[in-house]
Amino acid sequence: GAGVSQSPRYKVAKRGQDVALRCDPISGHVSLFWYQQALGQGPEFLTYFQNEAQLDKSGLPSDRFFAERPEGSVSTLKIQRTQQEDSAVYLCASSFLLGVRDEQFFGPGTRLTVL
Amino acid sequence: AQKVTQAQTEISVVEKEDVTLDCVYETRDTTYYLFWYKQPPSGELVFLIRRNSFDEQNEISGRYSWNFQKSTSSFNFTITASQVVDSAVYFCALSESATGANNLFFGTGTRLTVIP
């Protein structure tokens, strides 16, 4: 398919473990976004990339969260020493350009449960 | 402060009824975009519509229509003759030009249940 894909779809981690969530954006899309969606809430912005450059990481909740996109395509969101409050769905989105009007296409999300 | 407010947490309607989902936004930008997304039980966000701040013309797409009013900072969404397949969580979102990017600010969503 040509959509945004994310893996794994579900992840269960024990508190204190490190996790890595992967996002494959639509081919050719310049911009990539990560959002966190807690249960019963709307998605909240974490960070975004333009190609390989991380232009804004103001939404990352702590220094345990780290995102990268080394070659300007696939991105990984890493969470170190997971805590129960990290339990959420992590959504990735991509858009063709980086502009206020560009539609973002969302992936199915990774549901992270921290025990 | 919440940039997007969706005051209706849950709405239930009987099939074929019309339903309006409210969205109120807050921004100091003169150039911004408003969006509606649908999130079915599968979890994936589905884009429905995008409007820019300079176009207040209402839009209709099949059973869906949107009413954008800058005077009240509202961007409401109406589903006519609702169907069971419309059951989902609907999110209103805002994108501001001042950020230099198009990261979205979402409301907390309205869960719509259409009862057959």
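Relevant structure appears above.
Rules and cut-offs
- Residues numbered from 1 in each chain as written.
- Chains lettered and ligands numbered in written order.
- Predicted model: local features only at pLDDT ≥ 70, side-chain atom pairs only at ≥ 80, totals over all residues.
- Heavy atoms only, no water.
- Helix = DSSP H or I, 4+ residues; strand = E, 2+ residues; numbered from the N terminus.
- Rg over C-alpha atoms; globule rule 2.2 N^0.38 Å.
- Contact = heavy atoms within 4.5 Å.
- Areas by Shrake-Rupley, 256 points an atom, 1.4 Å probe, with all protein chains shown as cover.
- Polar contact = N/O pair within 3.5 Å; in protein donor to acceptor, adjacent residues only side chain to side chain.
- Core = buried A, V, L, I, M, F, W, Y, C linked by side-chain atoms within 4.5 Å.
- Buried < 20%, exposed > 50% of the residue type's maximum accessible area, 1.4 Å probe, protein only.
- Pairing = 2+ DSSP bridges.
- Axes fitted to C-alpha atoms, helices over the stretch in contact; angles between N-to-C directions.
- Buried area = accessible area lost by both parts, 1.4 Å probe.
- Salt bridge = Lys/Arg side-chain N within 4 Å of Asp/Glu carboxyl O.
- Nonpolar A, V, L, I, M, F, W, Y, C, P; charged D, E, K, R; others polar.
- Disulfide = S-S within 2.5 Å.

Engineer: Talk me through the overall build of chain B; I want residue IDs and the actual numbers.
Structural biologist: On a plain count of helices and strands, chain B comes out with zero helices and twelve strands. Taken from N to C terminus, the helices and strands of chain B fall in the order β-β-β-β-β-β-β-β-β-β-β-β. Since a compact globule built from 116 residues should have a radius of gyration of about 13 Å, the 14 Å found for chain B is in line with a globular shape. Counting only C-alpha atoms, chain B reaches 45 × 30 × 20 Å along its principal axes. Sequence-distant contacts in chain B: of pairs separated by 6 or more residues, those separated by 24 or more amount to 55%. Of the roughly 5600 Å² of accessible surface on chain B, 48% is carried by carbon and sulfur atoms.

Engineer: I'd like to hear about the environment of Ser 74 of chain B, residue by residue, with values.
Structural biologist: Residue and element names in this part refer to chain B. Tracing the backbone through its elements, the reader meets Ser 74 in strand E9 (residues 74-79). For the pair Ser 74 and Leu 34, spaced 40 residues apart in the sequence, the C-alpha separation amounts to 9.7 Å. When near neighbours in sequence (up to four residues on either side) are disregarded, Ser 74 contacts Cys 23, Val 24, Tyr 25, Asn 67, Phe 68 and Gln 69. Here Thr 72 takes part through its side chain, which lies 2.9 Å from a polar atom of the side chain of Ser 74.

Engineer: A description of the nonpolar core should follow, citing residues and the corresponding values.
Structural biologist: Ranked by internal contacts, the top residues of the largest apolar core, which has 24 residues, are Trp 36, Trp 66, Phe 75, Phe 77, Tyr 90 and Leu 112 of chain B. If you list the elements that add at least two residues to this core, you get strand E2 (10-14), strand E3 (19-21), strand E5 (32-39), strand E6 (46-52), strand E8 (64-69), E9, strand E10 (88-96) and strand E12 (110-115) of chain B. With four residues, E10 of chain B is the largest single contributor of residues to this core. Beyond its immediate chain neighbours, meaning those up to four positions away, Phe 75 of chain B contacts Cys 23, Leu 34, Phe 35, Trp 36, Ile 49, Arg 51, Trp 66, Asn 67, Phe 68 and Cys 92 of chain B. Grouped together as the second largest cluster of nonpolar side chains are 20 residues, Ala 13, Ile 26, Trp 34 and Leu 112 of chain A included.

Engineer: Outline the sheet that holds strand E3 (residues 19-24) of chain A, supporting the account with residue identities and numerical values.
Structural biologist: Residue and element names in this part refer to chain A. Pairing within the open sheet is antiparallel, and its four strands lie in the order E1-E3-E8-E7. Unpaired on one side and paired on the other, strand E1 (5-7) and strand E7 (65-68) mark the two borders of the sheet. Averaged over all pairs of adjacent strands, the angle between their axes in this sheet comes to 15°, without regard to strand direction. Bridge analysis of E7 against strand E8 (residues 75-79) gives four bridges, and the strand direction is antiparallel. Within E8, the residue paired with Glu 68 across the bridge is Thr 76.

Engineer: Account for the interface of chain B and chain A, with residues named and values stated.
Structural biologist: Opposite the 23 residues of chain B that make contact, chain A presents 22 residues. Together chain B and chain A conceal approximately 1800 Å² of surface at their shared face, both sides included; 54% is due to carbon and sulfur atoms. There are zero salt bridges connecting chain B and chain A. For the interface between chain B and chain A, the tally reads three residue pairs in polar contact (both at pLDDT 80 or more). Of all elements in the fold, only E5, E6 and E10 of chain B reach the threshold of two or more residues within the side of chain B that touches chain A. Sorting elements by how many residues they give to the side of chain B that touches chain A places E5 of chain B first, with four residues. Of the residues assigned to the side of chain B that touches chain A, the class counts are nine nonpolar, eleven polar and three charged.

Engineer: Describe in detail the state of the cysteines, supporting the description with residues and values.
Structural biologist: All names here are of chain A. Using the criterion set out here, one finds two disulfides over all chains in the structure. Disulfide pairing is shown between Cys 23 and Cys 92; the S-S distance is 1.8 Å. Its S-S torsion of approximately -65° makes the covalent link between Cys 23 and Cys 92 left-handed. Here the residue Cys 23 occupies a position in strand E3, and Cys 92 occupies one in strand E9 (residues 88-95), the gap between them amounting to 69 residues. As far as the burial class goes, Cys 23 and Cys 92 line up, both buried.

Engineer: I'd love a proper account of the pairing of E10 of chain B, names of residues and values included.
Structural biologist: Residue and element names in this part refer to chain B. E10 sits mainly inside the fold: nine of its nine residues count as buried. On E10, burial covers both faces: Ala 88, Tyr 90, Cys 92, Leu 94 and Glu 96 on one face and Val 89, Phe 91, Ala 93 and Ser 95 on the other are all buried. Pairing of E5 with E10 involves eight bridges; the strand directions are antiparallel. Note on E10: the bridge partner recorded for Trp 36 is Cys 92. Both E10 and E12 contribute to a ladder of three bridges, which runs antiparallel. Bridge pairing in E12 links Ala 88 to Leu 112. Where E10 and strand E11 (residues 105-106) come together, two bridges link them in antiparallel fashion. Of the residues in E11, the one forming a bridge with Leu 94 is Phe 105.

Scope: geometric values only; no functional claims are made or implied.
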